[in-house]
Amino acid sequence: MTSKFFMSVLVPCSILLPIVIGLLKLQRLPVNAKIIWYYLIVSAVISAASIFMGRVLHSNNMPLVHLYTPIELALFCWFYTKTLWPQGNRFLSVWLPVLFTVLCIINALFFQSMYTYSSYTRSVEALICLILALNYFARMAAYDNEKKNTSTPGLYFNSGIFLYFSGGFMLFVFSNLIVNLPHHSYAVIFVIYAALVLCMYLLFAIAFLLCKK
Amino acid sequence: MQKVTDNIFLLVLFAMIGSFILAAAFIFFFIRYQRNIAKQKEAMQKAELKYGEELLNAALLSQEAERKRIGQDLHDDVGASLSNLKMMMAQTDDTAAGGKHKPLIDNIITTVRNISHSLSPPGLDLFGLEFTLQELFDNFNAAGIIQLHFENEAGKKIDALDKKTALALFRVVQELLSNTVKHANAKNAFIKFFTEGHAIVLTYADDGKGLPANGNKRTGMGMQNIEARLRMIQANFEMAPGERKGFFISITLPENNG
């Protein structure tokens, strides 16, 4: 019961914390923080739609995961472009999201049905995000202001993304095998996954608090 | 079948927790490393700043020593020679030059004494800061270029200041007066000493045109010299437009001074 409350109520509702903090400072947020705020809004809407489809309509909500995956990657690519390449990076901001969207469509049409979990594309997305997050750390290490580095909101946004995808990567890879597990094993894994999501939202909330235009 | 299922569960569980721990450790060590480097850089910057201040102090001290030596040489050698010359002239007939030599020599003696006193104020050691400043102000008032108003509400405390602080304050006031006369187009300057708790405060104000409107308060060698001397004695200072719309500076000496 406790784990169900944690997964179904506490973690989905915890998205409101960074959304509210971001909303209070929306006018003063830098562009990259605004992108994360948009990501949270998209995430909240799709999460609500997913709960509605699953709990109320009792229908399969996997098409939403297929839809959410390319949107999520596009938003993170946009975030990293604005953070790491303020002068612009056409490959990261345009070509990569477009190519990935095409890959998602091909995957849904030929490999993993719209009604099964899109584990291939979710795993590829996690790998891309992990590479981008590591790239952020590498650039920070080369940037000559260590004191500022540790208090910048970008570090918290990046840490949230890095922790979420590094922990969640294995879940995305094996997700279609996990669904066949007994319910208690399945629940343990998803409690850990929910904790990762919570961790990311809390780090985003801290980042919004640190934001100064 | 059960065994295979358990294995997948454990593998996924360990992989998820393991990669999360690795990522968290990576972030932790990254932040710690960055903070350590920031600390080292800060310490290095502090050391460089301290070294710069020590160099500046040494330069100012050697400048004072050199001024004192030149002032004493002027006073003792040139001044004494001029006095001898004046005595010799008194014994000879000055009418040939229409009696112009003696006033000329008197004028040179006065000029040499003024230069010597300005290079190294002798009253500072003998009579203290208040007397020396008063002497400086009397000279300015006598010249009639500007009217100086001096108040000392700190009493004997300003004479009890250590020699380094007293000399630095004297030089700062000298420089401020020089700035007022050269740039401010002021008619009056107001110098006041008072105490705030245990600290001695010096305020200097004039009724001139004040600081430039662009807010650049620290242009010119004169202001840099003032800042350097105040830093040397660890005094705090604040510049602002005064009540009379002219220049205003408030200098607070550290409490342990004197």
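Quick caveat, the model's predicted, so the values are computed rather than measured.

With that settled, consider the overall build of chain B. What chain B contains, in helices and strands, is six helices and five strands. Start at the N end of chain B and walk to the C end: the helices and strands fall as α-α-α-α-β-α-β-β-α-β-β. Within chain B, the fraction of its 258 residues that count as buried is 36%. Accessible area of chain B: about 15700 Å², with a carbon and sulfur share of 58%.

With that settled, the discussion passes to the packing of aromatic side chains. Summed over the entire model, instances satisfying the criterion amount to 27 aromatic pairs over all chains. Where Phe137(B) meets Phe150(B), the ring centres are 5.1 Å apart and the plane angle is 65°; that geometry is what we call edge-to-face. With Phe137(B) in helix 4 (residues 129-143) and Phe150(B) in strand 1 (residues 147-152), this pair connects stretches of sequence that are 13 residues apart. In this pair, the class of Phe137(B) matches that of Phe150(B), namely buried. Residue placement shows Arg122(A) over the ring face of Phe172(A); its charged tip is 4.4 Å from the ring centre.

A few words now on the layout of surface pockets. Residue and element names in this part refer to chain A. Approximately 1400 Å³ is the volume found for the largest pocket. Taken together, 41 residues make up the lining of the largest pocket; nearest its centre are Met7, Ser50, Asn61, Phe190 and Tyr193. Counting residues per element, the ones that place at least two in the lining of the largest pocket are helix 1 (2-14), helix 3 (31-56), helix 4 (62-84), helix 8 (153-178) and helix 9 (183-210). In terms of residue class, the lining of the largest pocket is made up of 26 nonpolar, 11 polar and four charged. Around the second largest pocket sit 20 residues that line it, and Asn32, Thr83, Tyr136, Thr152 and Gly154 are the ones nearest its centre. Secondary-structure elements contributing two or more residues to the lining of the second largest pocket are helix 3, helix 4, helix 6 (119-142), helix 7 (146-149) and helix 8. In the lining of the second largest pocket, the residues fall into 10 nonpolar, five polar and five charged.

All names here are of chain B. This structure, assessed with the given rule, holds 10 salt bridges over all chains. In this structure, Arg231 and Glu53 form a salt bridge, with 3.9 Å as the shortest nitrogen-oxygen distance. Of this pair, Arg231 sits in helix 6 (residues 220-232) while Glu53 sits in helix 1 (residues 2-91), and the two are 178 residues apart along the sequence. Overall, the relative accessible area of 39% leaves Arg231 in the partly exposed class. Its salt-bridge partner being Glu153, residue Lys192 comes within 3.5 Å of it at the nearest N-O pair. Of this pair, Lys192 sits in strand 2 (residues 188-196) while Glu153 is found in the loop between strand 1 and helix 5 (163-184), placing the two residues 39 residues apart along the sequence.

On to the sheet that holds strand 2 of chain B. Residues and elements named next belong to chain B. Strand order in the open sheet formed by five strands is 1-2-3-5-4, and the pairing between neighbours is mixed. Each end of this open sheet is capped by a strand with a single partner; those strands are strand 1 and strand 4 (236-239). For this sheet, the mean inter-axis angle between neighbouring strands, taken without regard to orientation, is 10°. Both strand 4 and strand 5 (residues 248-252) contribute to a ladder of four bridges, which runs antiparallel. By the bridge assignment for strand 5, Glu238 is matched with Ser250. Packing against the sheet, helix 4 makes contact with strand 1 and strand 2, and its axis sits at approximately 165° to strand 1.

On the chain A side, the residues contacting the 22 residues of chain B number 29 residues. Summing both partners gives a buried area of about 2300 Å² for chain B against chain A, and 79% of it is carried by carbon and sulfur. At the junction of chain B and chain A, the tally comes to zero salt bridges. Seen at the junction of chain B and chain A, the total is one residue pair in polar contact (both at pLDDT 80 or more). Class assignment for the residues of the side of chain B that touches chain A results in 16 nonpolar, three polar and three charged.

Further remarks concern the packing of helix 8 of chain A against helix 9 of chain A. Residue and element names in this part refer to chain A. At a closest axis distance of 8 Å, the pairing of helix 8 and helix 9 adopts a crossing angle of 165°. The angle between helix 8 and helix 9 falls in the class roughly antiparallel. The chirality of how helix 8 crosses helix 9 is left-handed. For the contact of helix 8 with helix 9, the per-class residue count stands at 23 nonpolar, four polar and no charged.

Residue and element names in this part refer to chain A. Looking at where Leu73 falls in the secondary structure, it is placed in helix 4. We classify Leu73 as buried; its relative accessible area is 0%. It is 9.1 Å that separates the C-alpha atoms of Leu73 and Thr101, two residues lying 28 residues apart in sequence. Setting aside residues up to four positions removed in sequence, Leu73 forms contacts with Phe100, Glu125, Ile128 and Cys129.

As paired strands, strand 3 (residues 199-206) of chain B and strand 5 of chain B are joined by five bridges and run antiparallel to one another. Paired with Ala205(B) across the strands is Phe248(B), a residue of strand 5 of chain B.

So, on to unusual backbone geometry. All names here are of chain A. With a phi angle near 50°, His58 is a residue other than glycine that sits in the positive phi range. Tracing the backbone through its elements, the reader meets His58 in the loop between helix 3 and helix 4. What makes His58 exposed here is its relative accessible area of 66%.

All names here are of chain A. Nonpolar side chains collect at one region of the surface, where Phe91, Trp95, Val98, Leu99, Val102, Ile105, Ile106, Leu109, Phe110, Phe111 and Tyr120 lie side by side and expose about 1200 Å² of accessible area between them. Among the elements that make up the nonpolar patch, the one with the highest residue count is helix 5 (residues 90-111) (10 residues). Tracing the sequence through the fold places Val98 in helix 5. The partly exposed category is assigned to Val98, whose relative accessible area is 41%.

Cut-offs and rules
- Residues numbered from 1 in each chain as written.
- Chains lettered and ligands numbered in written order.
- Predicted model: local features only at pLDDT ≥ 70, side-chain atom pairs only at ≥ 80, totals over all residues.
- Heavy atoms only, no water.
- Helix = DSSP H or I, 4+ residues; strand = E, 2+ residues; numbered from the N terminus.
- Buried < 20%, exposed > 50% of the residue type's maximum accessible area, 1.4 Å probe, protein only.
- Areas by Shrake-Rupley, 256 points an atom, 1.4 Å probe, with all protein chains shown as cover.
- Phe/Tyr/Trp six-rings, centres within 6.5 Å; stacked < 30°, edge-to-face > 60°.
- Lys NZ or Arg CZ within 6 Å of the ring centre and 35° of its normal.
- 1 Å grid on protein atoms, 1.4 Å probe; cavity = no way out; pocket = protein on both sides within 12 Å on 5 of 7 lines; lining within 4 Å.
- Points joined across faces, edges and corners; volume = space filled by probe spheres on them.
- Nonpolar A, V, L, I, M, F, W, Y, C, P; charged D, E, K, R; others polar.
- Salt bridge = Lys/Arg side-chain N within 4 Å of Asp/Glu carboxyl O.
- Pairing = 2+ DSSP bridges.
- Axes fitted to C-alpha atoms, helices over the stretch in contact; angles between N-to-C directions.
- Contact = heavy atoms within 4.5 Å.
- Buried area = accessible area lost by both parts, 1.4 Å probe.
- Polar contact = N/O pair within 3.5 Å; in protein donor to acceptor, adjacent residues only side chain to side chain.
- Parallel < 35°, antiparallel > 145°, perpendicular 65-115°, else oblique.
- Left-handed = near helix turned anticlockwise from the far one by under 90°.
- Patch = residues over 30% accessible without salt bridge, like charges linked within 9 Å, V, L, I, M, F, W, Y side chains within 5 Å.

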